[in-house]
Amino acid sequence: MGHSHVAATQPTPPQPVPVEALVAALKARTMFTVLRDALKVEKLPLGQGWGDVIANATESTTQGERYRKFLRAYFAESTITGERYVQLFDVADDDAKQIAAQIQGATANSPTFGSTYPLPIPQDLLASASSEPELCEVRLHDSGDFSLIFCSARWHDDKNAYEAKELPKHVLDTYNGIDKLVTYRKVYYQAYDVVTLRVNLGRIEVCIEAPTKAKKAEIEGLPLKVLSACALHIAKFKGMGAKPPENLFPAIAGMYYHGTEGKVMGLAFRTMTGSIKKERMTPDNVDLRNEKFHHAGMNALGQKISPYELTLDYEMTTPSTIATLKLAALIRELSSATPTLHGCYVTSTSFSAFEHTLNRLVTYIY
């Protein structure tokens, strides 16, 4: 899916970042086609690949300076957006103001990642780097909200399968008679997890980066780990993880049945006749609610289903960007007297789109 990436206005690195290092970090976080769309919006030279990005950014002209400023802001935005697993915590107005005051006094002092931040540390250092979240930045947004950015080293399995005909003779001799060889390799990466305080909304968002790289058991434990790291810097965070995050389950049916709420791209549900259905639309297609086959089935069921998974796309025009929200509960929750879902997945390339999506979500959980 294509996204328009809108650059953040802050922060910019205190010292100029070498163009080559900045582009290498961007390459690891975004696709060139997505960056190209953003360059088009900014009316900057597009180029045909990453080499052109480096060339355009190193030009000693006014255009080159504007290009570098854009890339720095684009990277800053990428550290708080992208694909995230999100848990939400409601806080009282007075508590939100006290937390804001304490955040303003917090100092980012990461012994592991601070020397290169906002860029990641070298790849060869990640295997021995800290897996504990370290506070690397306190970011104040124009809205008055705050984001705490924590970095840590994580890894995921890179799986590769090789058919017997692809393998060298000595491997075939060692594993006599095999048809396929499957290998797993640990790939280390620097995660940028974010805790955002929405001061006027009384909401805390715990946002875990790259959830698709983490195992399910790990992704559910990471928010608590990040909240514990917050408590080392902000006293009001102590004990916050002891209460469960907001229950998002009611939003699944509510958002689906509200016909103008986003564009439904995926849905899993149980019918009143006992069957289980999973439906998904291809990118850039119509809303699933209006797709002929689904629409006819819903009419046949009297519009009565029990959804437990929902994927919605949101399109924003100011600025022009797209965000995706996924709510995915276990099917067994449909049989529970109090069905629960304590997290969601949000993919966006602008912080404003990220906020808009969560604002729409919370209107369906109270």
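Residues numbered from 1 in each chain as written. Predicted model: local features only at pLDDT ≥ 70, side-chain atom pairs only at ≥ 80, totals over all residues. Heavy atoms only, no water.

(A) The arrangement of the packing of helix H3 (residues 50-58) against helix H4 (residues 62-78) in detail. Closest axis-to-axis distance for the H3/H4 pair is 6 Å, and the angle between their directions is 125°. In terms of axis orientation, H3 runs oblique to H4. Across the interface between the two elements, Val53, Asn56, Ala57 and Thr58 from H3 touch Gly64, Tyr67, Arg68 and Leu71 from H4. For the contact of H3 with H4, a count of residues per class yields four nonpolar, three polar and one charged. (Axes fitted to C-alpha atoms, helices over the stretch in contact; angles between N-to-C directions. Helix = DSSP H or I, 4+ residues; strand = E, 2+ residues; numbered from the N terminus. Parallel < 35°, antiparallel > 145°, perpendicular 65-115°, else oblique. Contact = heavy atoms within 4.5 Å. Nonpolar A, V, L, I, M, F, W, Y, C, P; charged D, E, K, R; others polar.)

(B) How the structure looks around the packing of aromatic side chains. According to the stated counting rule, one finds six aromatic pairs in the structure shown. Residues phenylalanine 70 and tyrosine 74 carry aromatic rings whose centres are separated by 5.5 Å and whose planes lie at 50° to one another, so their mutual orientation is tilted. Of the two residues, phenylalanine 70 and tyrosine 74 both sit in helix H4, four residues apart, roughly one turn of that helix. In terms of burial, phenylalanine 70 and tyrosine 74 fall into one category: buried. Ring centres 6.3 Å apart and planes at 10° place the aromatic pair phenylalanine 351 and phenylalanine 354 in the stacked group. One end of the pair is phenylalanine 351 and the other is phenylalanine 354, both in helix H11 (residues 351-362) and three residues apart, which spans about a single turn. (Phe/Tyr/Trp six-rings, centres within 6.5 Å; stacked < 30°, edge-to-face > 60°. Buried < 20%, exposed > 50% of the residue type's maximum accessible area, 1.4 Å probe, protein only.)

(C) Representation of unusual backbone geometry within the structure. Of note, the bond from tyrosine 117 into proline 118 is cis; its omega dihedral lies within 30 degrees of zero at 15°. Non-glycine residue lysine 43 carries a positive phi angle of around 60°. Positionally, lysine 43 belongs in the loop between helix H2 (32-41) and H3. Located in the positive-phi region is alanine 210, a residue other than glycine, with phi close to 50°. Examined against the element boundaries, alanine 210 turns out to sit in the loop between strand E5 (203-209) and helix H8 (216-231).

(D) Broad picture of the environment of valine 346. Summarising the element assignment, valine 346 is placed in strand E10 (residues 344-348). Accessibility expressed as a relative area gives 0% for valine 346, which makes it buried. Separated by 23 residues in sequence, valine 346 and alanine 323 have C-alpha atoms that sit 7.0 Å apart. Excluding anything up to four places from it in sequence, valine 346 contacts Gly82, Glu83, Arg84, Val86, Thr324, Leu325, Phe354, Thr357 and Leu358.

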